[in-house]
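If you want the building blocks of each chain, they are given just below.
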Amino acid sequence: MDMQGILDEIVERVATLCHQGSVAAYIPSLSQVSPEKFGICVAMADGTVYGAGDWRTPFSIQSLSKVFSLALVMSYDYDSIWRRVFREPSGTPFNSMVQLEADRGIPRNPFINAGALVVTDRLLTLTGDAAGSVRGLLRRESGNPEVEVDEVVAASEAGHGHRNASMAHLLASYGNLENPVDDVLANYFNQCALEMSCEDLAKASLFLARHGVSTGGTPFLSPNQSKRVNAVMLTCGTYDAAGEFAYRVGLPGKSGVGGGIVAIVPGRCSVTVWGPALGPNGNSVAGIAALDAFTARTEWSIF
Ligand code: GLU
């Protein structure tokens, strides 16, 4: 298969979509990113990497970090996180508070903000430095020692993070935080503000395509845990549009408001796309079109 040819063709095809949707503005520093950027990278299970467009340009990973914090907690704690967070699609926006109150402080899944705060809290207890351990994992798996927090983005989010702070306090009021609210929030904002390229992210998520085996060849997650992370990505990874994502792309995937999407073809490869303009549900418009074209061309959907 001419993978490079496929990626070049996809970049050309989605160029016209870059102005559909809009760049996230609720975190002010994210609104300065050009909607014309687009990158795609495929990392094969054997480590071969293909890329096209802006695949080596770093961007804000935002919610993509939630996959890695969950994987880390599962690697330390196996299944105990599921006593504190459900694993069902929420049917509400990623930052909704209504459901959290109705469910008495147990978030619907680890990929909405409330659930991610609980995972970060657990990681903080386990490691003493949740954002630092996510960064360490990402550096190790991507092979890029320069993966770093963008302090401007972290400060911008902290300065406008009233909703996340409210959620963290609500979780604490239900006894579902182990650490002080401010510490959990600081770690959460820092992990979201990590900057990585499509290349870094495709390499870093490869363990999910390799049944838990890390870049260095040692098991990071068990095959069963890797299956579970992929399953939660499929059902809950793309905001309130996971059904549409499964329909169009047919892969486990996680999106972020920075415009990145990580998708996994178990046993074969990981794919990362980046297009900053988001559709109504918060997913990259060009990114979804690119992944749709990718699975159509390769016939590598899981279905
Ligand atoms: N840091 C963002 C927030 O908490 C992440 C949102 C996202 O990418 O889904 O609002």
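Refer to the preceding data block for the structure.
Scoring rules and cut-offs
- Residues numbered from 1 in each chain as written.
- Predicted model: local features only at pLDDT ≥ 70, side-chain atom pairs only at ≥ 80, totals over all residues.
- Heavy atoms only, no water.
- 1 Å grid on protein atoms, 1.4 Å probe; cavity = no way out; pocket = protein on both sides within 12 Å on 5 of 7 lines; lining within 4 Å.
- Points joined across faces, edges and corners; volume = space filled by probe spheres on them.
- Nonpolar A, V, L, I, M, F, W, Y, C, P; charged D, E, K, R; others polar.
- Near = heavy atom within 4 Å.
- Polar contact = N/O pair within 3.5 Å; in protein donor to acceptor, adjacent residues only side chain to side chain.
- Areas by Shrake-Rupley, 256 points an atom, 1.4 Å probe, with all protein chains shown as cover.
- Sits in = over half its atoms within 2 Å of the grid points.
- Pairing = 2+ DSSP bridges.
- Helix = DSSP H or I, 4+ residues; strand = E, 2+ residues; numbered from the N terminus.
- Contact = heavy atoms within 4.5 Å.
- Axes fitted to C-alpha atoms, helices over the stretch in contact; angles between N-to-C directions.
- Buried < 20%, exposed > 50% of the residue type's maximum accessible area, 1.4 Å probe, protein only.

J.: Talk me through empty space enclosed by the protein; I want residue IDs and the actual numbers.
T.: Applying the stated criterion across every chain yields a total of 2 cavities of 30 Å³ or more. The computed volume of the largest cavity comes to approximately 60 Å³. Lining of the largest cavity is provided by Tyr-26, Gln-62, Ser-63, Lys-66, Phe-94, Asn-113, Glu-157, Asn-164, Tyr-188, Cys-192, Tyr-239 and Val-257. Residues that form the lining of the largest cavity fall into these classes: 6 nonpolar, 4 polar and 2 charged. In this structure, the second largest cavity spans a volume of roughly 50 Å³. Lining the second largest cavity are Thr-92, Pro-93, Ser-96, Gln-99, Leu-100, Asp-103, Ile-106, Pro-107, Arg-108, Ile-112 and Ala-114.

J.: Give me the lowdown on the site of the ligand, citing residues and values where you can.
T.: Looking at the ligand, the residues that line it are Tyr-26, Gln-62, Ser-63, Phe-94, Asn-113, Glu-157, Asn-164, Tyr-188, Cys-192, Tyr-239, Gly-256 and Val-257. In this structure, Glu-157 approaches the ligand through a side-chain N or O atom, which is 2.5 Å from a nitrogen atom. Note that an oxygen atom of the ligand is positioned 2.5 Å from one of the side-chain N or O atoms of Tyr-239. Protein burial of the ligand: of its 290 Å² of free accessible surface, 99% is covered by the chains. Cavity membership is defined here by more than half of the atoms lying within 2 Å of grid points; on that basis the ligand lies in the largest cavity.

J.: An account of the sheet that holds strand S6 (residues 194-196) is requested, with residue identities and associated values reported.
T.: Note: strands within a sheet are paired through backbone hydrogen bonds, in either parallel or antiparallel orientation. The 3 strands are arranged S4-S6-S5 in an open sheet whose pairing can be described as antiparallel. With partners counted over all chains shown, the strands left at the sheet margins are strand S4 (59-60) and strand S5 (148-149), one partner each. Summarising the sheet, S4 and S6 pair through 2 bridges and their orientation is antiparallel. For Ser-60, the partnering residue across the bridge sits in S6 and is Glu-195. Contacts from helix H5 (residues 130-142) reach S5 and S6, with the element oriented near 10 degrees to S6.

J.: Explain unusual backbone geometry residue by residue, including any values.
T.: The phi dihedral of Gln-62 falls on the positive side, at around 45 degrees, and the residue is not glycine. As for its position among the elements, Gln-62 is in the loop between S4 and helix H2 (65-77). Phi at Arg-104 is positive, roughly 50 degrees, even though this residue is not glycine. Structurally, Arg-104 is set in the loop between helix H3 (98-102) and helix H4 (113-127). Note on Arg-104: relative accessible area 59%, which makes it exposed.

The quantities given are spatial measurements derived from coordinates; they are silent on function.
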